[in-house]
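# Examination of the molecular architecture
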Amino acid sequence: MIKRIIFDIDNTLIPWKNEYYEEIQKELTNLNIQYTKQDYEKIKEALSEYENVYYKFNKELMLEYINKYTEKDYPKEFMYNILERWSNCVPEKIDYAIKETLSYLKNKYEMVILTDWYAEEQTRRLEKLEIKKYFSYVYSAEKTNRKPYKESFIKAIGQNIPQECVMIGDNMERDIKGALNAGLKAIYFNPKEQINITETTLNSEYITISNLKQLKELL
C-alpha cells in the first residue's frame, strides 16, 4: 500500500531551460566582472563537474570548486546571486492539469520533494508556481548525499518503509534506479515517449509514463 509519493522537481514538475544558464552572464555583468565566452563556458562546466566530485551541496564549497576549476577568484556574492536568480527561473505558468493531478494525489497520499539542489531555492520555485502547498517537505542534497545514493531516499521516506513509497522522476539513473536500489517503487517520467499504461501496474519493476496526468490512473 502506497502511503507517500516522492517527486523530483527539475524536468519532472518544472522544466529546466538552457536559457536559464544565461543568468550566469547576467550576474557577471551585474558584478562588473569582465569575462569571455570561454570563462562563461568554464563556469558551466564547473557546476556540472561539481556534482561528479561532491555528493552533497554546499554553497561555499561549490564556489571554491568553481574558482579552482576556472582558475579565477569569483566573490562569494557571485555564487549566492546566481542561486538567487535561479530560484526565480520558472515558466510563466504551469499546466493546469499538473495542478489538478497534484491536488488529486494530495487527497490520497502524503507528498514530498526530493531534489538534488538547494532546498530554499527550490522551495521558492515551487511557491512561484503555486504548487508548494501540495508538498509537506522538501528534502535536498545539503544534509545527505544526493540521488542516486540510498541515504537520500531513506531520508525522504520519513517514518514509512520503502515499499510504502514511490519515487517519480525523469532521470533513470538518479531517480529510478536509485529508488529501486533503496527498496522503493518508482515511476519514470519520460514525456518524449507516448506511453500506454493500461496494462501496467506498480507490481512491475518500474512504470514509465509520458504525462503526469497518467498518475491519476495509477495511484
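For the structure itself, consult the block above.
Anyway, here's the lowdown on the structure attached to this text. No experiment lies behind these values; they were computed from the predicted model shown. (Residues numbered from 1 in each chain as written. Predicted model: local features only at pLDDT ≥ 70, side-chain atom pairs only at ≥ 80, totals over all residues. Heavy atoms only, no water.)

### A few points about the packing of helix α2 (residues 37-53) against helix α3 (residues 59-70)
Two numbers describe how α2 lies on α3: the axes approach to 9 Å, and their chain directions differ by 125°. By the angle between their axes, α2 is oblique relative to α3. The handedness of the crossing between α2 and α3 is right-handed. Along its contact with α2, which presents K42, I43, E45, A46, L47, E49, Y50 and V53, the element α3 presents L61, M62, Y65, I66, Y69 and T70. For the contact of α2 with α3, the residue count by class is ten nonpolar, one polar and three charged. (Axes fitted to C-alpha atoms, helices over the stretch in contact; angles between N-to-C directions. Helix = DSSP H or I, 4+ residues; strand = E, 2+ residues; numbered from the N terminus. Parallel < 35°, antiparallel > 145°, perpendicular 65-115°, else oblique. Left-handed = near helix turned anticlockwise from the far one by under 90°. Contact = heavy atoms within 4.5 Å. Nonpolar A, V, L, I, M, F, W, Y, C, P; charged D, E, K, R; others polar.)

### Comments concerning the packing of α3 against helix α4 (residues 76-86)
Where α3 contacts α4, the two axes come as close as 9 Å, and the packing angle between them is 115°. With respect to each other, α3 and α4 are oriented roughly perpendicular. The crossing of α3 and α4 is right-handed. On the side of α3, the interface is formed by K59, E60, M62, L63 and I66, while α4 contributes K76, M79, Y80 and L83.

### A word on α2
Look at α2: 24 Å from first C-alpha to last across 17 residues, which is about the 24 Å you get at 1.5 Å a residue. Residues D39, Y40, I43, A46, L47, Y50 and E51 constitute the buried set of α2. (Expected span 1.5 Å × (residues − 1). Buried < 20%, exposed > 50% of the residue type's maximum accessible area, 1.4 Å probe, protein only.)

### Comments concerning unusual backbone geometry
Following K147, the chain continues into P148 via a peptide bond in cis, with omega recorded as 15°. Residue placement: P148 occurs in the loop between β3 (138-139) and α7 (150-156). In this model, E71 sits at a positive phi of 60°, which is unusual for a non-glycine residue. Structurally, the position occupied by E71 is in the loop between α3 and α4. Exposure remark for E71: the relative accessible area of 72% places this residue in the exposed category.

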